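Fold and contact review
What follows is each chain in one-letter form.
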Amino acid sequence: GLRAAKLAGYGSTRRTMANISEYEKTWREMSSSHWDQAMYENASFFNRHQVSNTDFIARHAVVNSRGKPIVGVEVGTGTGKFLKIVLEEHPSLFKRLIGVDFNPNFIETARKAVPDADFTLGDCRELKNVLNDNYSEDMQDSFKVVFSVNNTHGILPEKVRDDINKAMADTTSDSGMIIIGLWNGNSFGDAVQHFYAQNDHLCGSLQGASFDWDECKMVTASNYTTKWTKPEELGKMIDESWNVLDVVSSGPMLLIAAKPKNTKVQDNASGEAGAETEYYYDTEDASRFYQNFWGGENVHIGLYDNLEEPNESKDLETVFKASDKSLTRLLDHVYDHMGGLKIRRAMDMGSCYGGCAREMAQRFACEVLCVDMSKVENDINRERTLEAGLEKLVKIP
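Residues numbered from 1 in each chain as written. Predicted model: local features only at pLDDT ≥ 70, side-chain atom pairs only at ≥ 80, totals over all residues. Heavy atoms only, no water.

Concerning the packing of helix H3 (residues 50–65) against helix H4 (residues 81–89)
- The interhelical angle for the contact between H3 and H4, taken along N-to-C directions, is 65 degrees, at an axis separation of 9 Å. When the axes of H3 and H4 are compared, the pair comes out roughly perpendicular. Taken as a pair, H3 and H4 cross one another with a handedness that is right-handed. Across from Gln50, Val51, Asn53, Thr54 and Ile57 in H3, the residues of H4 making contact are Phe82, Ile85, Val86 and Glu89.
- Among the residues making up the contact of H3 with H4, the classes are represented as five nonpolar, three polar and one charged. (Axes fitted to C-alpha atoms, helices over the stretch in contact; angles between N-to-C directions. Helix = DSSP H or I, 4+ residues; strand = E, 2+ residues; numbered from the N terminus. Parallel < 35°, antiparallel > 145°, perpendicular 65-115°, else oblique. Left-handed = near helix turned anticlockwise from the far one by under 90°. Contact = heavy atoms within 4.5 Å. Nonpolar A, V, L, I, M, F, W, Y, C, P; charged D, E, K, R; others polar.)

Now the structure itself:
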């Protein structure tokens, strides 16, 4: 019985190694054009979701790096197209962007297509050694964001995935974090119809393919294998040494942010909250909303009493008037409580675009110090203050 058990174990190991060998052969030899056509061209099923992936990575990089220079590392970078999108969406966020893949065709294509990123041929199971051998200076005193997106983790054999998970944790253990992008099993049927059936150059014909609909798994006759992960299965895809920070479902994507549990980071919840708030107010969407829809110059809850009835053509004008009115009421209140004393200096905390500070400087002829954590808002404040000729009274550090 013991001998039979050993033989059974040996047979299982041989099958596992054979599966890994077939997987490696498939992906080492895949052409760059087949991958690009499926993922990034021909109105790809995933194209419209790539920007949300980059935003998820950027947000967590900003929140967790705490001012350190950020090095981004993509595991299984393919032809580098995702790093190109990262650079387009967040051009100044990363000190360096690095893509690692074991397919020489992919790496050659990536180096030509995305010259502003670095690409290295290597085995991601040895990720830390690959990075230290090629980018040792960048690895020191930087915050490493190591990410695997577009379901790279979902097509890896289990043994390979476990080894890469450990390598990602080892790479980020001193200072860094891990981002995983998986394809959501709840969208598997939709993807079979609208992605795989349209991209037989990637996965082979679906004729003769094997489907496990409960497990959201497909194996085609050409041995292309994919596994889509249901939200309740996430624990199987990550390493037990990771501390999961965030999980987001975005279209057909599941996005996970994690840190190794032994990572050497300062426990500072307020610091993380502050960094996340700063990131939010610096985004283009937030800036556009507050400037164009919520008060513009004065971002306040407006006072609408005694204003004319809003109508469709004047809705925004009414909002701006209401915001101005709330500021006037606030400054009247301040003046009434000063008891005739002259206001010489004031501080506007959360000064935003400086509307309140400039109004105070003009009304009370006082010096106003603006305090705001958003670089975007401070830059706009400086510009408007110069235009108003109030730069000697309104100070924006």
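With respect to the packing of aromatic side chains
- Counted by the stated rule, this structure contains 10 aromatic pairs.
- Measuring from centroid to centroid gives 5.1 Å for Trp183 and Trp228, while their planes differ by 50 degrees, and the two rings are tilted. A residue pair is termed long-range when its members are at least 10 positions apart, and Trp183 in strand E5 (residues 176–183) and Trp228 in the loop between strand E8 (225–227) and helix H11 (234–237) qualify at 45 residues. For the pair Trp183 and Trp228, a shared accessibility class is recorded, and that class is buried.
- Both rings, one in Phe188 and one in Trp213, keep their centres 5.4 Å apart while their planes meet at 55 degrees; by these two values the pair is tilted. Within this pair, whereas Phe188 is found in helix H9 (residues 188–196), its partner Trp213 is found in the loop between strand E6 (210–212) and strand E7 (217–219), the two being separated by 25 residues in sequence.
- One aromatic cluster is present, formed by Trp183, Phe188, Phe195, Tyr196, Phe211, Trp213, Tyr224 and Trp228 through successive ring pairs. (Phe/Tyr/Trp six-rings, centres within 6.5 Å; stacked < 30°, edge-to-face > 60°. Buried < 20%, exposed > 50% of the residue type's maximum accessible area, 1.4 Å probe, protein only.)

As for the confidence of the model for the protein
- Looking at the protein as a whole, its pLDDT mean stands at 79, while 76% of the residues score no less than 70.
- The secondary-structure element of the protein with the lowest mean pLDDT is helix H1 (residues 2–29), recorded at 46, while strand E3 (residues 118–121) shows the highest, at 96.
- The model gives residues 1–18 a pLDDT under 50, and that stretch makes one contact with residues more than four places away or in other chains.
- The model gives residues 265–270 a pLDDT under 50, and that stretch makes three contacts with residues more than four places away or in other chains. (pLDDT = per-residue confidence, 0-100.)

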